[in-house]
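Residue-level structure breakdown
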Amino acid sequence: MSKTYYDPADLRKFGKITEWSEELGKKFFDYYGKVFEEGALSAREKSLIALAVSHVVKCPYCIDAYTKDGLQRGITKEEMMEAVHAGAAIESGATLVHGVQMMKKYDKLSM
(Lines give C-alpha, C1' and ligand atoms only; values in the text may rest on other atoms or scores of the structure.)
Protein backbone atom coordinates (compact mmCIF):
# COMPACT_ATOMS: atom_id res chain seq x y z
CA MET A 1 0.00 0.00 0.00
CA SER A 2 1.36 3.40 -0.93
CA LYS A 3 1.92 6.00 1.76
CA THR A 4 -0.12 9.19 1.54
CA TYR A 5 0.08 12.54 3.26
CA TYR A 6 -3.13 11.79 5.14
CA ASP A 7 -2.67 8.89 7.52
CA PRO A 8 -6.07 7.48 8.54
CA ALA A 9 -4.54 6.54 11.90
CA ASP A 10 -4.13 10.26 12.67
CA LEU A 11 -7.89 10.62 13.11
CA ARG A 12 -7.62 8.61 16.34
CA LYS A 13 -5.07 11.18 17.57
CA PHE A 14 -7.43 14.15 17.14
CA GLY A 15 -8.02 14.44 20.88
CA LYS A 16 -4.33 15.15 21.38
CA ILE A 17 -4.71 18.67 20.01
CA THR A 18 -5.46 19.71 23.57
CA GLU A 19 -1.91 18.84 24.60
CA TRP A 20 -0.46 22.01 23.08
CA SER A 21 -3.34 24.28 24.02
CA GLU A 22 -5.42 22.67 26.72
CA GLU A 23 -7.83 25.55 27.29
CA LEU A 24 -8.63 26.15 23.64
CA GLY A 25 -8.71 22.45 22.84
CA LYS A 26 -11.19 21.81 25.64
CA LYS A 27 -13.35 24.72 24.50
CA PHE A 28 -13.34 23.35 20.96
CA PHE A 29 -14.35 19.84 22.04
CA ASP A 30 -17.06 21.22 24.35
CA TYR A 31 -18.43 23.27 21.45
CA TYR A 32 -18.11 20.40 18.98
CA GLY A 33 -19.94 18.05 21.31
CA LYS A 34 -22.71 20.56 21.92
CA VAL A 35 -23.20 21.18 18.20
CA PHE A 36 -23.79 17.49 17.50
CA GLU A 37 -26.32 16.95 20.29
CA GLU A 38 -29.94 16.38 19.38
CA GLY A 39 -31.70 19.70 18.89
CA ALA A 40 -33.89 21.22 16.21
CA LEU A 41 -31.96 18.88 13.91
CA SER A 42 -31.49 15.23 14.72
CA ALA A 43 -28.02 13.78 15.21
CA ARG A 44 -28.66 11.82 12.00
CA GLU A 45 -29.39 15.02 10.03
CA LYS A 46 -26.31 16.69 11.50
CA SER A 47 -24.21 13.70 10.48
CA LEU A 48 -25.39 14.05 6.86
CA ILE A 49 -24.64 17.78 6.92
CA ALA A 50 -21.20 17.09 8.37
CA LEU A 51 -20.54 14.50 5.65
CA ALA A 52 -21.49 16.95 2.90
CA VAL A 53 -19.39 19.74 4.42
CA SER A 54 -16.48 17.31 4.86
CA HIS A 55 -16.45 16.82 1.12
CA VAL A 56 -16.75 20.54 0.37
CA VAL A 57 -13.80 21.39 2.63
CA LYS A 58 -12.01 18.27 1.37
CA CYS A 59 -11.11 16.82 4.77
CA PRO A 60 -10.30 13.11 4.38
CA TYR A 61 -10.36 12.61 8.15
CA CYS A 62 -13.84 14.10 8.38
CA ILE A 63 -15.04 12.08 5.38
CA ASP A 64 -13.86 8.89 7.10
CA ALA A 65 -15.37 9.91 10.45
CA TYR A 66 -18.78 10.95 9.10
CA THR A 67 -19.06 8.03 6.71
CA LYS A 68 -18.56 5.74 9.71
CA ASP A 69 -20.90 7.85 11.86
CA GLY A 70 -23.53 7.79 9.13
CA LEU A 71 -23.36 4.02 8.82
CA GLN A 72 -23.80 3.71 12.60
CA ARG A 73 -26.86 5.97 12.36
CA GLY A 74 -28.43 3.92 9.57
CA ILE A 75 -27.78 6.43 6.82
CA THR A 76 -27.86 4.67 3.45
CA LYS A 77 -25.22 5.00 0.75
CA GLU A 78 -27.83 6.71 -1.43
CA GLU A 79 -28.53 9.32 1.26
CA MET A 80 -24.80 9.86 1.74
CA MET A 81 -24.21 10.36 -1.97
CA GLU A 82 -27.19 12.71 -2.24
CA ALA A 83 -25.74 14.79 0.61
CA VAL A 84 -22.36 14.86 -1.16
CA HIS A 85 -24.06 16.04 -4.36
CA ALA A 86 -25.93 18.74 -2.44
CA GLY A 87 -22.60 19.98 -1.05
CA ALA A 88 -21.00 19.83 -4.49
CA ALA A 89 -23.86 21.80 -6.03
CA ILE A 90 -23.54 24.56 -3.43
CA GLU A 91 -19.75 24.64 -3.82
CA SER A 92 -19.92 24.84 -7.61
CA GLY A 93 -22.72 27.41 -7.44
CA ALA A 94 -20.65 29.55 -5.09
CA THR A 95 -17.75 29.35 -7.53
CA LEU A 96 -19.93 30.28 -10.48
CA VAL A 97 -21.73 33.13 -8.73
CA HIS A 98 -18.33 34.69 -8.10
CA GLY A 99 -18.11 34.84 -11.87
CA VAL A 100 -20.37 37.88 -11.55
CA GLN A 101 -17.48 39.61 -9.74
CA MET A 102 -15.18 38.77 -12.64
CA MET A 103 -17.74 40.01 -15.16
CA LYS A 104 -18.17 43.32 -13.31
CA LYS A 105 -14.40 43.78 -13.00
CA TYR A 106 -13.88 42.91 -16.66
CA ASP A 107 -16.55 45.42 -17.74
CA LYS A 108 -15.04 48.12 -15.53
CA LEU A 109 -11.47 47.53 -16.74
CA SER A 110 -12.34 47.19 -20.41
CA MET A 111 -14.25 50.48 -20.67
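Please refer to the structure higher up on the page.
Figured I'd write up the structure that's included with this text. (Residues numbered from 1 in each chain as written. Predicted model: local features only at pLDDT ≥ 70, side-chain atom pairs only at ≥ 80, totals over all residues. Heavy atoms only, no water.)

1. Re helix α3 (residues 60-72)
Look at α3: 18 Å from first C-alpha to last across 13 residues, which is about the 18 Å you get at 1.5 Å a residue. Where α3 is buried, its residues meet α1 (22-35), α2 (43-56) and α4 (77-97). (Helix = DSSP H or I, 4+ residues; strand = E, 2+ residues; numbered from the N terminus. Expected span 1.5 Å × (residues − 1). Contact = heavy atoms within 4.5 Å.)

2. Structural notes on the layout of surface pockets
Considering only enclosed or pocket space, the largest pocket measures out at about 330 Å³ in volume. If you trace the largest pocket, you find 15 residues lining it, with Leu11, Phe14, Tyr32, Cys59 and Cys62 closest to the centre. For the lining of the largest pocket, the elements supplying multiple residues, two or more each, are α1, α2 and α3. (1 Å grid on protein atoms, 1.4 Å probe; cavity = no way out; pocket = protein on both sides within 12 Å on 5 of 7 lines; lining within 4 Å. Points joined across faces, edges and corners; volume = space filled by probe spheres on them.)

3. Thoughts on the side chain of Ser54
Looking at the secondary structure, you find Ser54 in helix α2. At 2.6 Å, the side chain of Ser54 forms a polar contact with the backbone oxygen of Ala50. Excluding its chain neighbours within four sequence positions, the residues that come into contact with Ser54 are Cys59, Cys62, Ile63 and Tyr66. (Polar contact = N/O pair within 3.5 Å; in protein donor to acceptor, adjacent residues only side chain to side chain.)

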